[in-house]
Amino acid sequence: ARQQGTPLSDREYRQFFRPLQAAHRASAACLIRALYGCQNPLIRRLDEYENHGVIPEGPICSELPGIPFFPDFCAFSFYRCIRKRYFIKV
């Protein structure tokens, strides 16, 4: 078992995103996020699952060029949605 709040492993990410691999499914989750925010129960469950049961608080470190961190996981998730880079992992 992984520590709560840590990102999924590469293998876990593939399994997690398998149902969302089609861009239209990922964009539908992003639409729910945009309409209802990160506090939506469905979005919270997805975010918790993606991070072993806990949504990380505080800044999220990033390996993205020019973006060293995001203020929180919600901002990181919105970035993925806006850029249509649904499956990037930081």
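What you are looking at is a predicted structure, and each value in this text was computed from that prediction instead of being measured. (Residues numbered from 1 in each chain as written. Predicted model: local features only at pLDDT ≥ 70, side-chain atom pairs only at ≥ 80, totals over all residues. Heavy atoms only, no water.)

Quick word on unusual backbone geometry
Okay, step 1: Here His52, not a glycine, exhibits a phi torsion of approximately 50°, which is positive.
Okay, step 2: Turning to its location among the elements, His52 is positioned in the loop between α3 (41-50) and β1 (60-64).
Okay, step 3: The class of His52 is buried, set by a relative accessible area of 17%.
Okay, step 4: Unusually for a residue other than glycine, Lys84 sits at a positive phi of about 55°.
Okay, step 5: Topologically, Lys84 is positioned in the segment after α4 (73-83).
Okay, step 6: Classification of Lys84 by relative accessible area gives exposed; the value is 62%. (Helix = DSSP H or I, 4+ residues; strand = E, 2+ residues; numbered from the N terminus. Buried < 20%, exposed > 50% of the residue type's maximum accessible area, 1.4 Å probe, protein only.)

Remarks on the confidence of the model for the protein
Okay, step 1: Taken residue by residue, the protein gives an average pLDDT of 84. The fraction at 70 or more is 90%.
Okay, step 2: Within the protein, α4 carries the highest mean pLDDT (92), whereas helix α1 (residues 10-17) carries the lowest (77). (pLDDT = per-residue confidence, 0-100.)

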